[in-house]
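# Observations on the three-dimensional arrangement
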Amino acid sequence: MRPFPLMLFAAGFGTRMGALTANRPKPLVTVAGKPLIDHALDQAAAIGPRKTVVNVHYLGDQIERYLHGRNITIAWERDQILDTGGGLKSALPQLGQGPVILLNTDAVWSGENPLKQLIDAWDEDRMDALLLLLPAKDALGHKGPGDFLLADDGRIRRANGAVSPVYLGAQILRQEPVLRVKDDVFGLNRVWDDVIARERAFGLIHHGGWCDVGSPEGIKLAESMLANV
């Protein structure tokens, strides 16, 4: 299995968590006895990433201390939060060359390893982006109809309100589309729109369960999902 660099997104404010993130960052909120960032790192351990980078901003000192002594690079966004695209762009020198695996730290997984699924399906000749998806009805904790329509050949396009699969916060992305954005602060939606227009954006359905843990209600849903695995 090809070793990819991995970036974990851990810089957000976690405002939907309310009091739980008043004095600690969301990646350190505990689900089933373990901080969310460790749930993400457990998924990463199965693929042996070439390098692991974690970006931090809000209460980032706590995350840095928690991860101290592990083979993990901290990418600080000290002056301002850069959003997902800007955070990735800023961290690219630390990640090294080649496509990058990206994983949000505010979800819990069951079933097949999501990162291994992405690696096994990655086709660099055809793809600039490969996003892991799940039908909206199966995406625990998610509200809304979905994000992307998935064609028979695996390509994705915007759902524009149609009931469709949900993006799960795990993907492989080439660096070139990120570097084409000249701004320093931007979301990955800008990058996705670019690669969708070039017909190089693909999706893959996750073989397992997933729960968004962006709110206190999500903690209970995730713990119930894990208890029933």
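Here's what I pulled together on the structure shown here. (Residues numbered from 1 in each chain as written. Predicted model: local features only at pLDDT ≥ 70, side-chain atom pairs only at ≥ 80, totals over all residues. Heavy atoms only, no water.)

## Re helix H4 (residues 114–121)
All of the buried residues in H4 are Pro 114, Leu 115, Gln 117, Leu 118 and Ile 119. The N-terminus of H4 is capped by Asn 113, whose side-chain oxygen sits 2.9 Å from the backbone nitrogen of Leu 115. (Buried < 20%, exposed > 50% of the residue type's maximum accessible area, 1.4 Å probe, protein only. Helix = DSSP H or I, 4+ residues; strand = E, 2+ residues; numbered from the N terminus. Polar contact = N/O pair within 3.5 Å; in protein donor to acceptor, adjacent residues only side chain to side chain.)

## Observations regarding helix H3 (residues 83–95)
Spanning 13 residues, H3 covers 17 Å between terminal C-alpha atoms, matching the ideal 18 Å at 1.5 Å per step. Along H3, the largest kink reaches about 30 degrees and is centred on Lys 89; proline Pro 93 follows within four residues of it. The complete set of buried residues in H3 reads Gly 85, Gly 86, Gly 87, Leu 88, Ala 91, Leu 92 and Leu 95. Immediately downstream of H3, the backbone of Gly 96 shows phi near 90 degrees, a positive value. (Expected span 1.5 Å × (residues − 1). Bend = angle between axes of the 7 residues up to and from the residue.)

## Digging into the packing of helix H1 (residues 36–45) against helix H2 (residues 60–67)
Packed helices, taken two at a time, are described by the angle their axes make and the gap between the axes. Closest axis-to-axis distance for the H1/H2 pair is 12 Å, and the angle between their directions is 50 degrees. As summarised for this structure, H1 and H2 are arranged oblique, according to the angle between their axes. Here H1 and H2 pass one another in a crossing that is right-handed. Contacts between H1 and H2 involve Ile 37, Asp 38 and Leu 41 on the former and, on the latter, Ile 63, Tyr 66 and Leu 67. Tallied by class, residues from the contact of H1 with H2 come to five nonpolar, no polar and one charged. (Axes fitted to C-alpha atoms, helices over the stretch in contact; angles between N-to-C directions. Parallel < 35°, antiparallel > 145°, perpendicular 65-115°, else oblique. Left-handed = near helix turned anticlockwise from the far one by under 90°. Contact = heavy atoms within 4.5 Å. Nonpolar A, V, L, I, M, F, W, Y, C, P; charged D, E, K, R; others polar.)

## A short note on the nonpolar core
Grouped together as the largest cluster of nonpolar side chains are 36 residues, with contacts concentrated most on Val 54 and Leu 115. The contact partners of Val 54, leaving out residues within four places of it in the chain, are Leu 8, Ala 10, Ile 37, Ile 63, Leu 67, Ile 72, Thr 73, Ile 74 and Ala 75. Counting 26 residues, the second largest nonpolar core, distinct from the first, contains Leu 102, Leu 131, Leu 173 and Val 195. (Core = buried A, V, L, I, M, F, W, Y, C linked by side-chain atoms within 4.5 Å.)

## Focus: the packing of aromatic side chains
All told, the structure shown has three aromatic pairs when counted by the stated rule. Seen in terms of ring centroids, Phe 13 and Tyr 58 are 5.5 Å apart; in terms of plane orientation they differ by 50 degrees. Their pairing is tilted. Here Tyr 58 lies in the loop between strand E4 (51–56) and H2 and Phe 13 lies in the loop between strand E1 (5–9) and strand E2 (30–31), a separation of 45 residues in the sequence. A relative accessible area of 18% places Tyr 58 in the buried class. Residues Tyr 167 and Trp 192 carry aromatic rings whose centres are separated by 4.9 Å and whose planes lie at 75 degrees to one another, so their mutual orientation is edge-to-face. In this pair, Tyr 167 is assigned in strand E11 (residues 165–173) and Trp 192 in helix H6 (residues 188–197), connecting sequence segments 25 residues apart. Each member of the pair, Tyr 167 as well as Trp 192, is classed as buried. The structure contains a cluster of three or more aromatic residues connected by ring pairs, namely Phe 148, Tyr 167 and Trp 192. Taking the ring centre of Trp 76 as reference, the NZ or CZ of Arg 78 above it sits at 3.9 Å. (Phe/Tyr/Trp six-rings, centres within 6.5 Å; stacked < 30°, edge-to-face > 60°. Lys NZ or Arg CZ within 6 Å of the ring centre and 35° of its normal.)

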